[in-house]
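A closer look at the structure
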Amino acid sequence: MKKNHLRYTSDLPRRLYPFFLSYDGPGAPSFQKFARSIGATLSDVERYREKSEFERAYQECSEIRRDYLIDGALGKRLDPSTVKYLLSAEFRRRRPPPG
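Attention in this report is confined to the structure presented alongside it. All of these numbers come straight from a predicted model, not from anything done at the bench.

1. Points about the overall build of the protein chain
Tallying secondary structure elements over the protein chain gives five helices and zero strands in all. When each of the 99 residues of the protein chain is scored for burial, the buried share is 32%. Taking the intrachain contacts of the protein chain between residues at least 6 apart in sequence as the baseline, contacts between residues at least 24 apart amount to 51%. Working note: accessible area of the protein chain is about 7,100 Å², and carbon and sulfur atoms make up 54% of it.

Now the structure itself:
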């Protein structure tokens, strides 16, 4: 079975940033939700990170998501324990391997 992957286009970084800034759907903004909104998969979005402009937008959106989660926990709109878990899991993925 042949998999159809959405091709990278130069407008994707410009679409990613506003998606996270103006997100008003259920839960928190995520790269999975962005992928679905453009008809792609999460693996497609991860592959786009090879492009430097997309990687910059991706990193900025990670920070927007982090702020969204922290603000939600501090404002008691989100469960602080769940937010702590999500942020610590994200931190573990970001750290370079030892050695």
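Having seen the model, we can carry on.
2. Looking at the pattern of salt bridges
On inspection of all chains with the given rule, the structure shows six salt bridges. Glutamate 53 is paired through a salt bridge with arginine 14; the nearest N and O atoms lie 4.0 Å apart. Placement of glutamate 53 in helix H4 (residues 52-74) and of arginine 14 in helix H1 (residues 12-21) is noted, with a sequence separation of 39 residues between them. Given a relative accessible area of 36%, glutamate 53 falls into the partly exposed group. We classify arginine 14 as exposed; its relative accessible area is 53%. Note that glutamate 55 is salt-bridged to arginine 49, the shortest N-O span being 2.7 Å.

3. What about the side chain of arginine 65?
Positionally, arginine 65 belongs in helix H4. Judged by relative accessible area, arginine 65 falls into the buried class, the value being 16%. In this structure, arginine 65 is in contact with Phe20, Pro29, Ser30, Leu86 and Glu90, ignoring residues within four places of it in sequence.

4. Structural notes on unusual backbone geometry
Its identity is not glycine, yet lysine 76 carries a phi of approximately 65°, on the positive side. In this structure, lysine 76 sits in the loop between H4 and helix H5 (80-94). A relative accessible area of 71% means that lysine 76 is categorised as exposed.

About the criteria used
Residues numbered from 1 in each chain as written. Predicted model: local features only at pLDDT ≥ 70, side-chain atom pairs only at ≥ 80, totals over all residues. Heavy atoms only, no water. Helix = DSSP H or I, 4+ residues; strand = E, 2+ residues; numbered from the N terminus. Buried < 20%, exposed > 50% of the residue type's maximum accessible area, 1.4 Å probe, protein only. Contact = heavy atoms within 4.5 Å. Areas by Shrake-Rupley, 256 points an atom, 1.4 Å probe, with all protein chains shown as cover. Salt bridge = Lys/Arg side-chain N within 4 Å of Asp/Glu carboxyl O.

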